[in-house]
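Examination of the molecular architecture
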Amino acid sequence: MTVIPDTPPAAEPAAGPAAGPGGERGTGRTVARYALAKIGGAALSIGMVVVATFFLFRLIPGDPAIAYTRDVPLSPEQLDLLRRQMGLDKPLLQQFLDFVWRTLRLDLGTSYEYKRPVTELIAERTGPTLVLVGTGLVIAVSLGLWQGTRAAWRHGSRFDRFSTGLSLVLWSVPTFWLGLLLLMVFAAGVGPIPGIFPTRGMEDIDAPGGPMYLLHVAHHLVLPCLTLVAVVYAQYLLVMRSSLLDEIGQDYVTTARAKGLRDDQVRRRHAVPNALLPTVTLVFIHIGFVVGGAVSVETVYSWPGLGLLFYEAIQGPDFAVMQGTFMVVCTAVIVMNTLADVAYHVLDPRVRSA
Amino acid sequence: MSITWTRRRAALSRFWRDYRRQRAGLYGAAILIAAVILALLTPLVTDPAGMDVTRATGAKMAAPSLEFPLGTDESGRSVLLMTLWGSRVSLLIGFMSALLSMTIGTVVGIAAGHFRGWTSAVLLRITDWFLVLPSLVLALVLAAILGGGTSTIILAIGVTSWASTARLIRAQTLSVEARPYIERSRALGAGHWHVMTRHVLPNVAPLVLANTTLQVASAIVAESTLAFLGADSGKVSWGGMLRGSYDWGAATSGAWWYVLAPGLCIVAVVMAFTLCGRALEAVLNPRLRGVSR
């Protein structure tokens with residue numbers, strides 16, 4: 001076993017073109033150049049997603065025309081016509097170009113199951129996902145940051161050990177199982193505990209109108225949201241804790257203390273703002289990721305969002321919907337990651353001058 | 001030759017001495033060894049006939065009793081028996097996909113760190129792409145398109161989860177290659193292959209080991225999630241059991257044993273791997289010491 005050297009791994013250049021002696025002057029221009037380079041990279045990534053999707057979905061065994069018509073028996077002539085309509089008789093390159101052109105126009109094909117445009121289905125399901133993920137993220141971020149700060153400020157304390165242990169456990173628990181447990185205890189009820197929350201969906205058939213509707217949805221939102229929060233917040237806790245621990249060791253914190261500032265002033269005015277930076281990136285990444293990551297939560301609670309749409313497409317299998325949601329989710333993730341990179345670059349001058 | 005071996009033995013005993021100090025890591029290792037032994041013993045001590053739906057003897061969804069310590073499932077099979085047999089599938093897929101993912105990650109990482117110019121640029125671009133894409137969604141698509149089966153699931157998890165390893169290994173490769181002895185070795189006429197396999201690989205190996213342990217943990221979670229979402233290997237795994245419990249509404253009809261047994265197993269094994277991985281990291285990477293405790 002060789003010992004890994006103490007030297008940090010060779011510094012990764014933070015940015016391709018923008019790295020260099022940026023200095024104070026021309027910072028705006030460096031940021032703009034950096035952003036342009038990142039956007040270019042993101043465009044390339046999205047292009048790779050489109051290419052990969054086309055070839056990936058051509059690996060499906062069987063005839064797409066038969067898959068599309070499902071159990072409806074068709075004559076060979078009808079099948080031929082359908083194939084021609086779906087463009088399956090053209091050469092591969094032509095099919096690929098058609099696919100790219102349609103994707104550019106946001107035409108993601110027609111669902112096998114619903115016989116409706118996939119774009120329409122996705123648009124319908126985006127709202128509920130945003131409600132679930134948005135609420136979940138706000139709660140998870142605030143809870144995680146608060147607890148992470150407390151844990152790091154008194155590291156080694158009982159609170160710290162409890163927090164770290166809890167986040168380790170939450171990290172090991174599969175999201176869907178946590179969902180099943182909550183469902184079992186709080187929706188179905190265990191022993192003397194009655195079920196107090198609905199088991200599925202975003203609304204019942206007899207949902208009230210007006211302002212009461214919001215309350216009705218909120219009631220349905222509690223359990224799925226709780227599941228999502230439990231899984232996401234552990235990461236904020238850990239990231240905040242370790243980045244604040246890094247800051248506590250810095251000279252400026254000692255200086256602030258030496259100036260005679262009160263403990264919570266050192267924390268709130270000096271250490272925490274700097275330690276917050278890595279979590280900013282995490283928020284953006286999560287907004288992107290959770291859209292896809294909410295699949296299991298939405299499935300357990302039948303929450304009518306994008307994740308459930310994707311899950312239903314797999315069960316079908318409804319390849320058109322699968323393909324569409326896949327591209328949309330990947331694009332969302334790539335866009336959010338790019339925003340995260342640029343935001344970090346704007347917020348942290350250290351990265352810029354590196 | 002003998003000097004190398006003496007050194008290796010000394011390094012190994014030093015490693016063990018350091019590892020022993022990590023209490024959580026010891027607990028993790030103990031749970032893992034127990035789980036692996038149980039999984040290996042299962043075919044010797046139990047009868048696979050009990051897994052056959054048509055030959056199940058119990059009542060449907062029966063609560064735990066003396067005959068069925070963990071109750072029965074929707075077709076009258078013993079949940080205990082299913083959990084034991086399921087451990088084999090879950091662990092196998094966990095290990096194999098982590099192995100696949102680590103192999104891809106290490107090869108790509110070393111190559112991206114060793115070569116310069118466009119080879120490195122292309123490899124990094126691909127790595128970044130895989131790093132960004134939501135791996136669960138990609139794995140689900142892969143599994144759905146390629147059809148069920150153990151090897152498909154291993155492939156789907158392995159192919160979607162190597163990117164962070166490649167990043168890590170690349171950074172380590174860069175720092176190893178900056179050392180003077182690599183330059184000397186080059187001056188003596190060592191080729192790319194020699195440098196990569198004889199100098200870089202042994203130096204990144206400990207890191208790879210620690211990372212594999214963590215990777216198995218996430219692979220097991222990934223397998224269970226895939227199985228739960230319907231992309232299963234066709235064999236009973238812990239995730240597949242939870243899928244069954246969900247389909248039969250076990251959670252809402254009070255069949256807690258069916259939900260708890262496989263879930264607790266997943267959590268225990270995944271936590272054990274995580275604890276081992278963190279302990280290994282703390283031992284092998286002294287920079288982390290004192291920070292993540």
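Rules of the game
Residues numbered from 1 in each chain as written. Chains lettered and ligands numbered in written order. Predicted model: local features only at pLDDT ≥ 70, side-chain atom pairs only at ≥ 80, totals over all residues. Heavy atoms only, no water. UniProt positions renumbered as here; feature names shortened; annotations may be inferred. Helix = DSSP H or I, 4+ residues; strand = E, 2+ residues; numbered from the N terminus. Buried < 20%, exposed > 50% of the residue type's maximum accessible area, 1.4 Å probe, protein only. Contact = heavy atoms within 4.5 Å. Areas by Shrake-Rupley, 256 points an atom, 1.4 Å probe, with all protein chains shown as cover. Lys, Arg positive; Asp, Glu negative; His and termini not counted. Charge placed at Lys NZ, Arg CZ, Asp CG, Glu CD. pLDDT = per-residue confidence, 0-100. Axes fitted to C-alpha atoms, helices over the stretch in contact; angles between N-to-C directions. Left-handed = near helix turned anticlockwise from the far one by under 90°. Nonpolar A, V, L, I, M, F, W, Y, C, P; charged D, E, K, R; others polar. Buried area = accessible area lost by both parts, 1.4 Å probe. Salt bridge = Lys/Arg side-chain N within 4 Å of Asp/Glu carboxyl O. Polar contact = N/O pair within 3.5 Å; in protein donor to acceptor, adjacent residues only side chain to side chain. Phe/Tyr/Trp six-rings, centres within 6.5 Å; stacked < 30°, edge-to-face > 60°. Lys NZ or Arg CZ within 6 Å of the ring centre and 35° of its normal.

Chain B appears in an unreviewed UniProt entry as Peptide/nickel transport system permease protein from Streptosporangium lutulentum. Within the UniProt record for chain B, the comment given under Subcellular location (unreviewed entry) is "Cell membrane". UniProt lists a comment for chain B under the heading Sequence similarities (unreviewed entry), and it reads "Belongs to the binding-protein-dependent transport system permease family."

Chain A goes by Peptide/nickel transport system permease protein in an unreviewed UniProt entry, where it is assigned to Streptosporangium lutulentum. Per UniProt, chain A has the following entry under Subcellular location (unreviewed entry): "Cell membrane". The UniProt entry for chain A carries the following text under Sequence similarities (unreviewed entry): "Belongs to the binding-protein-dependent transport system permease family."

1. Re the overall build of chain A
In terms of regular secondary structure, chain A is built from 15 helices and 0 strands. Per-residue burial over chain A gives 43% buried out of 354 residues. Long-range pairs, those at least 24 residues apart, make up 70% of the contacts in chain A between residues at least 6 apart in sequence. Of the roughly 17800 Å² that chain A leaves accessible, carbon and sulfur atoms contribute 65%.

2. Overview of the overall build of chain B
For chain B, the helix and strand inventory stands at 11 helices and 0 strands. Of the contacts made within chain B by residues no fewer than 6 positions apart, 71% connect residues no fewer than 24 positions apart. Put simply, chain B shows about 13400 Å² of open surface, and 66% of that area lies on carbon and sulfur atoms. For chain B, the distance from the average site of its 26 positive side-chain charges to the average site of its 13 negative ones is 17 Å.

3. Details of the UniProt feature "domain: ABC transmembrane type-1" (unreviewed entry) in chain B
Per the UniProt entry, the sites bearing "domain: ABC transmembrane type-1" (unreviewed entry) are residues 87-277 of chain B in this numbering. A distance of 20 Å separates the end C-alpha atoms of residues 87-277 of chain B, which is 83% helix and 0% strand.

4. Focus on the confidence of the model for chain A
Residue and element names in this part refer to chain A. A residue-level look at chain A finds 84% of positions with pLDDT of 70 or above and a mean pLDDT of 79. Mean pLDDT values over the elements of chain A span from 64, in helix α15 (residues 349-353), up to 89, in helix α5 (residues 118-153). Here residues 1-25 scores under 50 on pLDDT; set against residues more than four positions off or in separate chains, the count is 41 contacts.

5. Thoughts on the packing of helix α3 (residues 79-114) of chain B against helix α9 (residues 192-228) of chain B
Residues and elements named next belong to chain B. In contact at an axis separation of 7 Å, α3 and α9 are set at 145° when each is read in the N-to-C sense. Along this stretch, α3 crosses α9, giving a crossing that reads as right-handed. The class makeup of the residues in the contact of α3 with α9 is 16 nonpolar, 10 polar and 1 charged.

6. What to know about the interface of chain B and chain A
Counting residues at the interface gives 60 residues for chain B, matched by 58 residues for chain A. Buried area between chain B and chain A, both sides added, is near 5300 Å², and the carbon and sulfur share of it is 75%. Here chain B is connected to chain A by 0 salt bridges. Across the chain B-chain A interface, the total number found is 8 residue pairs in polar contact (both at pLDDT 80 or more). Broken down by secondary-structure element, the contributors of at least two residues to the side of chain B that touches chain A are α1 (2-20), α4 (118-132), α5 (135-146), α7 (163-177), α9, α10 (238-247) and α11 (256-284) of chain B. Along the lines of polarity and charge, the residues of the side of chain B that touches chain A split into 38 nonpolar, 13 polar and 9 charged.

7. Overview of the environment of R161(A)
Among the secondary structure elements, R161(A) is positioned in helix α6 (residues 158-172). Sequence separation between R161(A) and S111(A) is 50 residues, and the spatial gap between their C-alpha atoms is 50 Å.

8. As for the packing of aromatic side chains
Each aromatic ring pair is summarised here by two numbers: the centre-to-centre distance and the angle between the ring planes. According to the stated counting rule, one finds 14 aromatic pairs over all chains in the structure shown. On the basis of an interplanar angle of 75° and a centroid distance of 6.2 Å, the ring pair of W146(A) and F159(A) is categorised as edge-to-face. In this pair, W146(A) sits in helix α5 while F159(A) sits in helix α6, placing the two residues 13 residues apart along the sequence. With centroids separated by 6.0 Å and ring planes inclined at 35°, the aromatic side chains of F15(B) and Y19(B) adopt a geometry described as tilted. Placement of both F15(B) and Y19(B) in helix α1 is noted, with a separation of 4 residues, approximately one turn of the helix. Considered together, F15(B) and Y19(B) belong to a single accessibility category, that of buried residues. Cation over ring: R243(B) sits above F228(B), and NZ or CZ is 6.0 Å from the ring centre.

9. Some words on helix α13 (residues 306-315) of chain A
With respect to burial, α13(A) is a largely interior element, 8 of its 10 residues being buried. Taken together, the buried positions of α13(A) are L306(A), G307(A), L308(A), L309(A), F310(A), Y311(A), A313(A) and I314(A).

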